[in-house]
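Residues per chain, in single letters:
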Amino acid sequence: MAAIGDARIVIVGGGVIGLGIAYHLAKLGESDVVLVERNQLASGTSWHAAGVVGPLRASMNLTRLAIYATELFGRLEAETGQGTGYTRTGGLWLAQTEDRLTEVRRIKAMGDMTGLHAQVIGPDEAAARAPGLRVDDLAGALWVEEDGQANPVDICMAYAKGARAGGVRIHEGVACEGTDTTHGAVRAVRLSTGETVRCHVVVNCAGVWSRALGAMAGVPVPVQAVEHMYVVTEPMDGLVQPFPIIRDLDAGFYLKGDAGRLVLGGFEPDAKPWDAAGPDGGGAFLEFPEDWEQFEPFMTAGLHRFPALERAGIQSFMNGPEGFTPDTRQAMGESPFLKGYFVAAGFNSIGMMSSAGVGKAMAEWIVAHEPPMDLWEVDVARFDHAMAARSFLESRVREAVANQFAMHWPYKQHRTGRDVRRSALHQAFAAAGAVFGAPTDWERPLWFTANDDERDVPHSYGDQGWWAPARREAEALSTDVAMLELSPFAKFDVTGRGALGLLQHLCANNVDVELGRTIYTQMLNRHGGIEGDVTVTRRGERDFRVVSGAATRWKDLAWIRRAGHGVDVHDATEDEAVIGVMGPRSRETLQSLTDADLSPEAFPFSTSRLVDIAGVSLRATRLSFVGELGWELYIPSGSAVAVHGALAAAGVGHAGHYCLDSCRLEKGYRHWGHDMGPEDSPLEAGLGFAVAWDKPGGFLGREALLARTVTRRLVLFAVDGDAHPLLLHDEPIYRDGELVGRTTSGAYGFRTDLSLCLGTVTLPVDGPYEVAVAGERFTISLLRRPPYDSAGVRLRR
């Protein structure tokens, strides 16, 4: 074999994802690209993919990403001369219950906002679109005109042909055996040929083998392989052509046509993990034994839904490996743990359909060193080493597979793979009646119970069962005092020579302030978009504490470190527990436990100091995300339980995460990852007050921000009248009957008795508004000021 030679970019994995990225890199003019596949192209999981193309997803940005497949697959065959088998068939999402029908109505909104042709139909119309379908037990269905199917192997070959035509070098029978690094960045890959290929970028597209490949480079890739099954019938007479994609969501299975046959597959409620790194994991075109016991529930459900299957023989039983992630969203982007190491893996059985949008987005990300759109919800930076541990993945995957079709209830928490991270305060909060969830990988109290009836509350698309305890907690925050678990905050200490210069460059606000002052600021990208939403406390001349959200810990840490050029950045997240003490009685309560002067004159808003509370030295910072007088107490983890005990003995109650989220909406406070992201500037987000335009030296993104034309704005709305629809995110917003935006987050405000949402709308903002929730429209009012304590008197008293 001729030497492969060095390359700027090395892609590892010749399945549909790796080939899709190679094709799109070639389209961008990137020819210095090598793709290596240890066996044959498409021989991993791509060859046995079912081939469903479904562009409608559960969020706005994922739908935007998926729609591109319906554009590309239609022209790929003409461009490359390679058949793809792409056919638009239309598709039915069946709903057996009213709750499921509500869910699909909400998902339909993504189609309304992105130009897809989706409509909710009755059972009889569903039967007309798929003759032979049993519908007597259905509540309704969603019809998606753009659903379709393609041949995965043919798609792979078309990508490969297009990539080669653009200069990409593709080598089969070549495995990657390791990644060499220098100063935290990719330097080379070592191949099974004995060659070391120098490169600047590695792209891990190894599918179910991506976790093992990432581990070679010290990069966590939480993808777990399972046995995934479908059957193919013998040819059947009388099938409508084209046969629509049918998803029976409540039964967990799908049906699709295949040249006069039917394919029946499902998402198991108790999937069987498979060790891709085991002795049998290295082969090509892997198949597992037939497992009719595991598949029987889907076969029974399929026979019920489409009785003609009873007369059809089974031509083949496919049981092959498929990779799933803990949250059933793919892992994409550059790892925060190794510069130049990109991942595109964990596609949860929708890899072929995803390959077009993912291939394009990843190619643009690699070339421009930044994502082309807001892809945070699938960014690999949301995962860390704990999430890639085998014990965690094997536990979680049994639930994750079923979650593809299971009810996506609002506020639903995972049952498996819990307790990845607990704060030092976990047992203390548990003893106080906490009901825990893990919205990130941290366990945190969602609400606190007064009795057992408040513990296991039913899921709902209407009023939530936890509203009563959360209302009680909000009342305590507004009239008395309560404490909140804030330990999951990401906490970074930026110290030493160059610390001030680094943070002045990264932060839009001016952090060159007096000692003991805390500044709220955004970290921007070169386009003026918001990469991080943080507070910065100056603890010394060369000593700063940066605090950001729990979910963005690894992303924000990498962002600061990679800009730091030798500045010391220490991750202090797990060194300290954090208790928020909030409410009008917070000052007098804390004052009873400390000799420090907490008066408004001595300890004004945005002040941070070392104090002793109950004999423990800690840092108290006067901030409040709930809009009440309060302090955040940063406590050495070993002393946190003692401080909690002293607060409880002083009469401080508890409030949970859901109450906090309600209170922050009542104040109009933004949340990164929901209300704003890298595509939004402080100007669109209504955070211009946090921009120090004229600070010495400027800041990253300043010029782009000055040149930015604002065409949309993030604003706060309240539902009119007594209506209280459950506002979540991605609900369409209409002005004068015209679609002008979408909600970004929502909650019920317990202190104001208002259903509230933040939403992005096009300018001008004046006019009558409605929001669509599950297909029903509600009139909403634009709020120029937050509905709770609009002057901020309670916060600063």
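A short tour of the structure in this document, coming up. Keep in mind that this is a model prediction, so the values were computed, not measured.

1. Here we look at the overall build of the protein
Turning to step 1, where the next piece is worked out: Within the protein, the regular secondary structure consists of 18 helices and 40 strands.
Turning to step 2, where the next piece is worked out: On C-alpha atoms alone, the protein measures out to a radius of gyration of 27 Å, which is about the 28 Å that the 2.2 N^0.38 rule sets for 797 residues.
Turning to step 3, where the next piece is worked out: When its C-alpha atoms are laid out on the principal axes, the protein stretches across 80 × 65 × 50 Å.
Turning to step 4, where the next piece is worked out: In the protein, which comprises 797 residues, the share counted as buried stands at 61%.
Turning to step 5, where the next piece is worked out: Across the protein, every contact between residues at least 6 apart in sequence was considered, and the portion connecting residues at least 24 apart equals 72%.

2. Notes on the layout of surface pockets
Turning to step 1, where the next piece is worked out: As a volume, the second largest pocket reaches approximately 840 Å³.
Turning to step 2, where the next piece is worked out: Forming the boundary of the second largest pocket are 32 residues, of which Glu334, His369, Glu370, Trp559 and Arg562 lie nearest the centre.
Turning to step 3, where the next piece is worked out: Counting only elements with at least two residues in the lining of the second largest pocket, the list comes to helix H12 (499-506) and helix H13 (553-564).
Turning to step 4, where the next piece is worked out: At 5 residues, the largest contribution of residues to the lining of the second largest pocket is made by H13.
Turning to step 5, where the next piece is worked out: In terms of residue class, the lining of the second largest pocket is made up of 16 nonpolar, 7 polar and 9 charged.

3. Focus on the pattern of salt bridges
Turning to step 1, where the next piece is worked out: Counted according to the given criterion, the structure contains 57 salt bridges.
Turning to step 2, where the next piece is worked out: Ionic pairing is found between Arg471 and Asp753, a salt bridge with its closest N-O pair at 3.0 Å. In this pair, Arg471 sits in helix H11 (residues 467-479) while Asp753 sits in the loop between strand E37 (738-749) and strand E38 (754-762), placing the two residues 282 residues apart along the sequence.
Turning to step 3, where the next piece is worked out: The shortest N-O distance in the salt bridge between Glu588 and Arg585 comes to 3.4 Å.
Turning to step 4, where the next piece is worked out: The exposure class of Glu588 is partly exposed, given its relative accessible area of 49%.
Turning to step 5, where the next piece is worked out: Residue class for Arg585 comes out partly exposed when judged on its relative accessible area of 27%.
Turning to step 6, where the next piece is worked out: Three or more residues joined by partner-sharing salt bridges are found here, namely Asp384, Arg421, Asp441, Arg553, Asp571 and Glu574.

4. Brief notes about empty space enclosed by the protein
Turning to step 1, where the next piece is worked out: In the structure shown here, the tally under the stated rule is 3 cavities of 30 Å³ or more.
Turning to step 2, where the next piece is worked out: Sorting the residues of the lining of the largest cavity by element identifies helix H6 (210-216), strand E14 (224-233) and helix H9 (390-402) as the ones contributing at least two each.
Turning to step 3, where the next piece is worked out: Tallied by class, the residues present in the lining of the largest cavity amount to 8 nonpolar, 1 polar and 4 charged.
Turning to step 4, where the next piece is worked out: If you go around the second largest cavity, the residues you meet are Thr518, Thr535, Thr537, Arg545, Val547, Ser608, Arg619, Thr621, Leu623, Glu632 and Tyr634.
Turning to step 5, where the next piece is worked out: Those elements that place two or more of their residues in the lining of the second largest cavity are strand E27 (530-540), strand E28 (543-548), strand E32 (616-621) and strand E33 (630-636).
Turning to step 6, where the next piece is worked out: Within the lining of the second largest cavity, the residues separate by chemical class into 3 nonpolar, 5 polar and 3 charged.

5. Overview of the packing of aromatic side chains
Turning to step 1, where the next piece is worked out: The final tally for this structure, using the stated rule, is 26 aromatic pairs.
Turning to step 2, where the next piece is worked out: Ring geometry for Phe603 versus Trp631: centroids 5.8 Å apart, planes at 85 degrees, classification edge-to-face. Here Trp631 lies in strand E33 and Phe603 lies in the loop between helix H14 (586-591) and strand E31 (608-613), a separation of 28 residues in the sequence.
Turning to step 3, where the next piece is worked out: Phe603 sits in the buried class, given a relative accessible area of 1%.
Turning to step 4, where the next piece is worked out: Owing to a relative accessible area of 0%, Trp631 belongs among the buried residues under this scheme.
Turning to step 5, where the next piece is worked out: What links up through ring pairs into an aromatic cluster is the set Trp292, Phe295, Phe298 and Phe317.
Turning to step 6, where the next piece is worked out: Above the plane of the ring of Phe605 lies Arg796, whose end atom (NZ or CZ) is 4.6 Å from the centre.

6. Some remarks on H9
Turning to step 1, where the next piece is worked out: With 13 residues, H9 should cover 18 Å at 1.5 Å per step; its first-to-last C-alpha distance of 19 Å lies within 8% of that length.
Turning to step 2, where the next piece is worked out: Within H9, the axis deviates most sharply at Arg396, by approximately 40 degrees.
Turning to step 3, where the next piece is worked out: Those residues of H9 that sit buried are Phe392, Leu393, Arg396, Val397, Glu399, Ala400, Val401 and Ala402.

7. With respect to the nonpolar core
If you look at soluble globular proteins, the nonpolar side chains tend to sit buried side by side.
Turning to step 1, where the next piece is worked out: Ranked by internal contacts, the top residues of the largest apolar core, which has 53 residues, are Ile11, Ile21, Phe73, Tyr159, Val203, Met332 and Met362.
Turning to step 2, where the next piece is worked out: Within the residue set of this core, elements represented by two or more residues are strand E1 (9-12), helix H1 (16-27), strand E2 (33-37), helix H2 (60-80), helix H5 (152-165), strand E13 (201-204), strand E21 (341-345) and helix H8 (351-368).
Turning to step 3, where the next piece is worked out: Core analysis: the second largest hydrophobic core is formed by 37 residues, Val223, Ala225, Ala276 and Leu286 among them.

8. A look at the sheet that holds strand E35 (residues 712-719)
The pairing of strands in a sheet comes from backbone hydrogen bonds and takes either a parallel or an antiparallel form.
Turning to step 1, where the next piece is worked out: Read around the closed barrel, the 6 strands follow the order E35-E38-E37-E36-E39-E40; overall the barrel is antiparallel. Direction aside, the axes of adjacent strands within the sheet are offset by 40 degrees on average.
Turning to step 2, where the next piece is worked out: The pairing of E35 with strand E40 (residues 776-783) spans 4 bridges and is classified as antiparallel. Looking at the pairing, Phe717 lines up with Leu782 of E40.

9. Let's talk about the side chain of Ser586
Turning to step 1, where the next piece is worked out: In this structure, Ser586 sits in helix H14.
Turning to step 2, where the next piece is worked out: In terms of polar contacts, Ser586 uses its side chain to reach the backbone carbonyl oxygen of Leu629, at 3.2 Å.
Turning to step 3, where the next piece is worked out: Not counting residues up to four positions away in its chain, the partners in contact with Ser586 are Asp480, Val481, Val581, Leu629, Gly630 and Trp631.

10. A word on the side chain of Arg794
Turning to step 1, where the next piece is worked out: Its place among the elements puts Arg794 in helix H18 (residues 793-796).
Turning to step 2, where the next piece is worked out: For Arg794, the side chain forms a polar contact with the side chain of Glu628, separated by 2.9 Å.
Turning to step 3, where the next piece is worked out: Discounting residues that sit within four places of it in the chain, Arg794 has contacts with Ser478, Pro584, Gly627, Glu628, Leu629, Tyr788 and Asp789.

11. Considering the environment of Asp384
Turning to step 1, where the next piece is worked out: The topology assignment puts Asp384 in the loop between H8 and H9.
Turning to step 2, where the next piece is worked out: Residue Asp384 is classed as buried on the basis of its relative accessible area, which comes to 1%.
Turning to step 3, where the next piece is worked out: Distance from Asp384 to Trp554, taken between C-alpha atoms, is 7.4 Å for residues 170 residues apart in sequence.
Turning to step 4, where the next piece is worked out: Among all residues touching Asp384, those that are not within four sequence positions of it are Pro220, Phe337, Arg421, Asp441 and Trp554.

12. Structural notes on the environment of Val52
Turning to step 1, where the next piece is worked out: In this fold, Val52 is placed in strand E3 (residues 52-53).
Turning to step 2, where the next piece is worked out: Sequence spacing of Val52 and Val189 is 137 residues, and the spatial spacing of their C-alpha atoms is 34 Å.
Turning to step 3, where the next piece is worked out: Other than its neighbours up to four places away in sequence, Val52 contacts Gly148, Ile245, Arg247, Lys256, Met352 and Met353.

13. Quick word on the sheet that holds strand E8 (residues 148-149)
Turning to step 1, where the next piece is worked out: An order of E3-E8-E4 is seen for the 3 strands of this open sheet, with the pairing classed as antiparallel. Two strands in the sheet have a free side with no partner beyond their single neighbour: E3 and strand E4 (87-88).
Turning to step 2, where the next piece is worked out: Two strands pair when backbone bridges link them, and E4 and E8 are joined in this way by 2 bridges, in the antiparallel orientation. Across the sheet, Thr87 pairs through a bridge with Gln149, a residue of E8.

The rules behind each value
Residues numbered from 1 in each chain as written. Predicted model: local features only at pLDDT ≥ 70, side-chain atom pairs only at ≥ 80, totals over all residues. Heavy atoms only, no water. Helix = DSSP H or I, 4+ residues; strand = E, 2+ residues; numbered from the N terminus. Rg over C-alpha atoms; globule rule 2.2 N^0.38 Å. Buried < 20%, exposed > 50% of the residue type's maximum accessible area, 1.4 Å probe, protein only. Contact = heavy atoms within 4.5 Å. 1 Å grid on protein atoms, 1.4 Å probe; cavity = no way out; pocket = protein on both sides within 12 Å on 5 of 7 lines; lining within 4 Å. Points joined across faces, edges and corners; volume = space filled by probe spheres on them. Nonpolar A, V, L, I, M, F, W, Y, C, P; charged D, E, K, R; others polar. Salt bridge = Lys/Arg side-chain N within 4 Å of Asp/Glu carboxyl O. Phe/Tyr/Trp six-rings, centres within 6.5 Å; stacked < 30°, edge-to-face > 60°. Lys NZ or Arg CZ within 6 Å of the ring centre and 35° of its normal. Expected span 1.5 Å × (residues − 1). Bend = angle between axes of the 7 residues up to and from the residue. Core = buried A, V, L, I, M, F, W, Y, C linked by side-chain atoms within 4.5 Å. Pairing = 2+ DSSP bridges. Axes fitted to C-alpha atoms, helices over the stretch in contact; angles between N-to-C directions. Polar contact = N/O pair within 3.5 Å; in protein donor to acceptor, adjacent residues only side chain to side chain.

Honestly, it's all geometry; don't read function into it.
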